[in-house]
Amino acid sequence: MPRIGVFICHCGENIGATVDAAAVAKAAAELPGVVHAVDYKYMCSDPGQNLIKEAIREKRLTGVVVGACSPRMHEPTFRRACAEAGLNPFLCEMANLREHCSWVHEKLPETTEKAIDLVRVMVEKVKRNRPLLPINVPITKTALVLGGGIAGIQAALDIANAGHPVILVEREASIGGHMAQLSETFPTLDCSQCILTPRMVEVAQHPNIRLYTYSELESLEGFIGNFKAVIRKKARGIDETTCTGCGACIQKCPTKKIPSEFNARLGHRTAIYVPFPQAVPNKPVIDRAHCTYYRTGKCKLCERVCPTKALRYDQEDLLVEVAVGAVVVATGYEVKGTDFFPEYGYGRYPDVITGLQFERLASASGPTLGAIRRPSDGKEPETVVFIACAGSRDPAKGLHYCSKICCMYTAKHAMLYKHKVHHGRAFVFYMDIRAGGKMYEEFVRRAIEEDHVSYIRGRVSRIYEKNGKLIVKGVDTLLNSRPVEIEADLVVLATAMVPQPDAEALAQKMKISYDGDRFFNEAHPKLRPVEMNTAGIFVAGACQAPKDIPETVAQASGAASKVIGLFSKDELSREPVVAVVNRTAPPMFSTCVGCFLCETACPYRAIEREEIKDRNGNVLKTVAWINQGVCQGCGTCVALCRSKSIDLQGFTNEQVFAELVAL
Amino acid sequence: MSSGAPAAQHVPSLPERVRAATGETVFQCYQCGKCAAGCPLAAEMDYTPNQILRLLQLDLPAMEDEALRALSIWLCLTCETCAARCPQEVDLPKIMDYLRQESRRRGLVHPKARDILAFYESLLASVRKGGRLHEVGLVASYKLKTGHLFQDVLLTPRLLQRGKLSLRPHTVADKDAVRRIFERCNAAAAAPEHKADHA
Amino acid sequence: MKLGYFPGCSLESSAREYKESLQAIAPLLDLELCEVADWNCCGATAAHSVNRKLALALPARTLALAERAGFDELLVPCSACFSRLAATRRDLLADESLRQEITSIIELDYVGSTKVVSVVDVLSRALPTVRAKTIAPFAHKVACYYGCYLTRPASLTTCVRPEDPQEMEAIAAAAGATPVDWAFKVECCGAALSVSRTATVAELAGRIVADAAERGAEALVVACPLCHTNLDLRRPAIERHRGASYALPVLYITQLVGLALGLAGRTLGLHRHHVPVRLAACAAAPAAPAAAPKEN
């Protein structure tokens, strides 16, 4: 016999002003199966919760309906209260009298009628609720971090320092990411590599971190706490255990004119190379696309000079399988090139460069050893024009968003130029100056007030080359939109920050969501910035949205803390609102006919095939089986199943139909 | 909730009227000035292209007047450079066309633009008569309208010598059809207080 | 290949040599130009500046006549006419009620089946033929000038790189010329202000002529009558404005191709230009005095 308790909340004025809560409680008392019905001002408060607990004990309730706000708000609160009073928490349901009733209607008799209807519906459901127990899933306490830039490095160190093993996978030959390419960082003008390389070394030396460089994620399967990842360790062409990093092979390599990716194509590298001197690991890699031996079968000079015989030309990619419990995605960004701009020369002018290229010019380890020089003739530029918003905030070019860091790095570049070329003139064409971080505004003002960088509010219509100079045709909207023409020696475009070119492919591989600009999506834009909609996968850094280094580090530590929190338990407790394929006695075993439409439809790949065998091992029937660790309870399979063999715990067909009939 | 009182008449704002006539939203412009930077005539304009748009964005009566009285809208060559480079994809030439039409319709043409308008009206008068442009007729009409009687006079003999000026007009066969087109289009564009609206 | 053909008003008088050269090279390139009967003026800048419906109706009449004659494509040599016709076609195809309104104004059916093509489009397709039939390669350095309407707006034009197009260069190169790289390919010449604001044209067209000359071009090549007028006929105004003289002539792309195909200068109307077309001497000679009168 059901003994249901109904508790109607006024929620202060939120419900009480529009719905006659006392009348609802009175009507609920008359419903069949209801033995207790009261109303109260604030059900979620301590006294309110005590009302529920006392009623459960005194009236020996078998089910509870709380007519109040949205279950998304307080379902956990009331379920916990029930559990504390000894009632299975899944025997407690909420009728949403606020978001679904009082907040969307006027104060009318019909509104109270509707509230009563909503309560009646939930009472009928609760009568058919069954006690459920949380599902426990084991956790593999190893983390996988994808991406070895500052975000990945920070997350890996945090998790490793908390005592958990970390596998860090980086696509390039060395970790460090774009931060390793920067010369100085805003707003302190700290040398970027000086603050980064200690962290890189710490990663390499950390006993808890296993570092795979020149490697990529091949596949990812499984679910939170229980992932299986396959990593492709690309063939470097050398034996890392015998190579000492002496660099003799690099010195002797005859192919020296390959545009260097690390130097943003402003300098060259050899076919066997280490991306930069402070690389971690300091072991070279053979670029097979450009290496003479791989292309023609001749050379092998590197092998001849290697003192430890570390060359392995036949080396092949290696696939490594690892079991991890959580993944942190920190794959970073790319910058658009100058060929993106028809009106600035389609990338044809060597002296029109990107911000990242300017970083390499300014960097002491760059192609010009830190001197600002024109790529075309190597001369020092007397006039440099910086153009902000080159690609960002530009729907015509396909990018609506602001890349966030360019205002700051443009100010930084202009300052670095002025510090190195005292008599030089620096102009910045801008639309707005976005300097919202700590000490950022002061930084930009310093550029303007102390270093005399000329900021011109207006954009540049076009740039063309004439007699070795770049004619920049802009405008000053603060001077009555007067056209301004500058003859520049060097033009730096603050190009847009975009996701990696294969971000979409990676997201598909990992089944994580991404937006129209191919940035990975966080679970909630305000309140869940490091989690993703796929449980167990976290995100950090510029792969989620353009951001600067402080924010990246903060987000990386945030993601790490989520991983550490996940690993702090031995088992993962999940809500039992999952789908279950029915089982019954032989010879039927299940009404499932094995069509596996559900398997195809499941968005979370939670459905597998289970073979039902006899004692001799012969397969009698193959039916669907739902992995309760992965199932998110969306109900797609339930709706789809043609033999009605699947039901959703907590929202069974019987319960749902009872609700509809009660209406 | 009917109470018997009629709803207030919604008078379309200037941005709404621009949108109705051209499909363009003036608020899309974020005043970056790239149009002005590339406009061949920016240096001669009283308001640069982005400033004309600013007048429309502010949607204040005095500013609508200023925009329609501006010289800029008549200097605009419709070269499409601004539209090609605008990051927000605002079709400025289309808006300029609308402003020219409104300016003329309301008799607010800038005094210094009257010769430009006179040229257009002379051209269309010539086309209205014969269906095709008669350049000699056009130039003659333009000179009479503007008083620039001696402009390009030195060129004329040379052009005649080289066969580049026909004294006789070329015309279509179905001149009436062309005339009816003009009449119908003028009727479509007519407004109560128009002056010489027909082309 | 049969093409509908809409010469437009200027080709009948002030751009007569454009028509002559186009009609001279057409048979050599296997093009049959079928003039649309009773075409009318497109309205140019004047119509769209004063009356929106007129700006659509005038081109629509010609388009409808071309469609009625059954042409797949309509060749429009003047860039301004090209822009007006292409824009009209685009606008009427995009807005059904507008199309119905305009078709009733022009008293003709129009569904938009005839595509509008430019001289550059047509010559680009004929590159192999130009190359094959070139017997007197036009061995000079040329600056190809596109003006506004061959590359803008992007929705109406076919040039692949609107800020640095190469289509005319390819045609010129096929005819043996050496195109120079220069910075004013798509900058406006002053267009319709030729009569009412000659000083402005002198400035804008002057920049174009000056840059071409500075880059070593021996001739400018155009595909638009108004551009030609502003760069050629207005040369004296340009020279006065800049205080310098510029001898480089302005050729229509059709004239360049015609010379390469072996046609005589007179056939191509070279004698009608204001700036004399004397190429070998061009690089060094000062501006020539007015040429002696020639017969029409």
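Residues numbered from 1 in each chain as written. Chains lettered and ligands numbered in written order. Predicted model: local features only at pLDDT ≥ 70, side-chain atom pairs only at ≥ 80, totals over all residues.

Across its full length, chain A carries 18 helices and 34 strands. Across its three principal directions, the C-alpha atoms of chain A cover 95 × 75 × 40 Å. The long-range fraction of contacts in chain A, counting pairs at least 24 apart against all pairs at least 6 apart in sequence, stands at 69%. (Helix = DSSP H or I, 4+ residues; strand = E, 2+ residues; numbered from the N terminus. Contact = placed C-beta atoms within 7 Å.)

Attention now moves to the overall build of chain B. If you tally the helices and strands in chain B, you get eleven helices and zero strands. Counting only residues that meet the buried cut, chain B has 43% of its 199 residues in that class. Within chain B, counting contacts between residues at least 6 apart in sequence, those at least 24 apart form 61% of the total. (Buried ≥ 20, exposed ≤ 12 C-beta atoms within 10 Å, placed from the backbone.)

This brings us to the sheet that holds strand 1 (residues 4-9) of chain A. All names here are of chain A. Across the sheet, four strands lie side by side as 2-1-3-4; this open sheet has parallel pairing. Two strands close off the open sheet at either side, each with one partner strand: strand 2 (34-40) and strand 4 (92-96). Going from strand to strand, the sheet's axes swing by 15 degrees on average, the running direction of each strand aside. Pairing between strand 1 and strand 2: six bridges, direction parallel. Within strand 2, the residue paired with C9 across the bridge is Y40. Here helix 5 (residues 109-127) sits on the sheet in contact with strand 1, strand 2, strand 3 (63-68) and strand 4, set at roughly 155 degrees to strand 3. (Pairing = 2+ DSSP bridges. Axes fitted to C-alpha atoms, helices over the stretch in contact; angles between N-to-C directions.)

The interface of chain C with chain A comprises five residues on the first partner and six residues on the second. Grouping the amino acids of the side of chain C that touches chain A by side-chain chemistry returns two nonpolar, no polar and three charged. (Nonpolar A, V, L, I, M, F, W, Y, C, P; charged D, E, K, R; others polar.)

Let us look at helix 12 (residues 235-242) of chain C. Residues and elements named next belong to chain C. Buried within helix 12 we find R235, A237 and I238. In a view along the axis of helix 12, the buried residues occupy a sector of 160 degrees, so they form one face of it. Taken from the residues just after helix 12, G243 is the one with a positive phi, measuring 65 degrees. (Arc of directions from axis to C-beta.)

The pairing of strands in a sheet happens through backbone hydrogen bonds and is either parallel or antiparallel. Residues and elements named next belong to chain A. If you walk across this open sheet you meet the five strands as 10-7-6-18-29, and the pairing is parallel. Each edge of the open sheet carries a strand with a single partner, namely strand 10 (209-212) and strand 29 (537-539). Mean inter-strand twist for the sheet, computed between neighbouring axes without regard to direction, equals 20 degrees. Where strand 7 (residues 166-169) lies against strand 10, four bridges are found, and the strand directions are parallel. Of the residues in strand 10, the one forming a bridge with V166 is I209.

What follows deals with the packing of helix 10 (residues 198-214) of chain C against helix 12 of chain C. Residue and element names in this part refer to chain C. Contact geometry of helix 10 with helix 12 gives a least axis separation of 8 Å together with a crossing angle of 85 degrees. By the criterion of interaxial angle, the relationship of helix 10 to helix 12 is roughly perpendicular. When helix 10 is examined against helix 12, the residues T198, V201, A202, E203, A205, G206, V209 and A210 are found in contact with a partner set consisting of A237, I238, H241 and R242. Here the contact of helix 10 with helix 12 is built from residues that sort into seven nonpolar, three polar and two charged. (Parallel < 35°, antiparallel > 145°, perpendicular 65-115°, else oblique.)

In this section: the interface of chain C and chain B. Contacts between the two partners involve 49 residues from chain C and, on the opposite side, 49 residues from chain B. Elements with a contribution of two residues or more to the side of chain C that touches chain B: helix 1 (9-12), helix 3 (44-50), helix 4 (52-68), helix 6 (96-106) and helix 10 of chain C. It is helix 3 of chain C that contributes the most residues to the side of chain C that touches chain B, seven residues altogether. When the residues that make up the side of chain C that touches chain B are grouped by side-chain class, the tally is 23 nonpolar, 14 polar and twelve charged.

A word on the domain arrangement of chain A. Many analyses report the size of an interface as the accessible area lost when the parts associate. All names here are of chain A. By domain assignment, chain A separates into domain 1 (4-127), domain 2 (143-332 + 500-567), domain 3 (335-498) and domain 4 (579-662). When each unit is reduced to the centre of its C-alpha atoms, the spacing between domain 1 and domain 4 is 32 Å. Taken together, the residues of the side of domain 1 that touches domain 4 sort by class into two nonpolar, no polar and three charged. (Domains from an automatic or database assignment.)

What follows is about the domain arrangement of chain B. Domain parsing of chain B yields domain 1 (14-107) and domain 2 (113-189). Between the C-alpha centres of domain 1 of chain B and domain 2 of chain B there is a distance of 28 Å.

All names here are of chain B. Counting buried residues in helix 3 (residues 49-58) gives seven out of ten residues, a clear majority hidden from the surface. Inspection of helix 3 places P49, N50, Q51, I52, L53, L55 and L56 among the buried residues, and these make up the whole buried set. Those residues of helix 3 that are buried lie in contact with helix 1 (14-22), helix 2 (34-38), helix 4 (61-69), helix 5 (72-75), helix 6 (81-85) and helix 7 (92-105). In the segment just after helix 3, D59 is the residue with positive phi, at about 55 degrees.

Residue and element names in this part refer to chain C. Running from N to C, helix 4 and helix 6 point in directions that differ by 70 degrees, and their axes come no closer than 9 Å. With respect to helix 6, the element helix 4 is oriented roughly perpendicular. Across the interface between the two elements, K53, L56, A57, A60, R61 and A64 of helix 4 pack against I102, I105 and I106 of helix 6. Classifying every residue of the contact of helix 4 with helix 6 by side-chain character gives seven nonpolar, no polar and two charged.

The omega angle of the peptide bond from P586 of chain A to P587 of chain A is 0 degrees, so this bond is cis rather than trans. Following the sequence through the fold, P587 of chain A ends up in the loop between strand 31 (579-581) and helix 16 (597-601). Residue P153 of chain C is reached from R152 of chain C by a cis peptide bond, and omega for that bond is -15 degrees. The backbone phi angle of A264 of chain A is positive, close to 50 degrees, even though this residue is not glycine. We classify A264 of chain A as buried; it has 23 C-beta atoms within 10 Å.

Let's shift gears to the confidence of the model for chain B. Residue and element names in this part refer to chain B. Per-chain confidence: chain B averages 85 in pLDDT, with 89% of residues scoring 70 or above. Ignoring residues within four places in sequence, the model shows residues 191-199, a span with pLDDT below 50, making 18 contacts including any to other chains. Taken together, the chains of this predicted complex give a pTM of 0.85 and an interface ipTM of 0.88. (pLDDT = per-residue confidence, 0-100.)

Below, the discussion takes up the environment of A279 of chain A. Residues and elements named next belong to chain A. Summarising the element assignment, A279 is placed in the loop between strand 15 (272-273) and strand 16 (285-286). Considering only alpha carbons, one finds A279 and R528, 249 residues apart in sequence, at a separation of 34 Å. Residues in contact with A279, not counting those within four places in the same chain, are A173, S174 and V274.

All names here are of chain C. You can see D164 is positioned in the loop between strand 5 (141-144) and helix 9 (167-174). Residue D164 is classed as buried on the basis of its 20 C-beta neighbours within 10 Å. Each C-alpha atom, one on D164 and one on D181, is 9.3 Å from the other, the two residues being 17 residues apart in sequence.

Residue and element names in this part refer to chain A. For I463, the position within the fold is in strand 24 (residues 460-466). Under the C-beta neighbour-count criterion, I463 is labelled buried, with 24 such atoms within 10 Å. Through-space distance from the C-alpha of I463 to that of V352 is 9.1 Å; in sequence the pair is 111 residues apart. Ignoring sequence-local partners within four residues, the contact set of I463 consists of Y344, G345, V352, L470, I471, V472 and V491.

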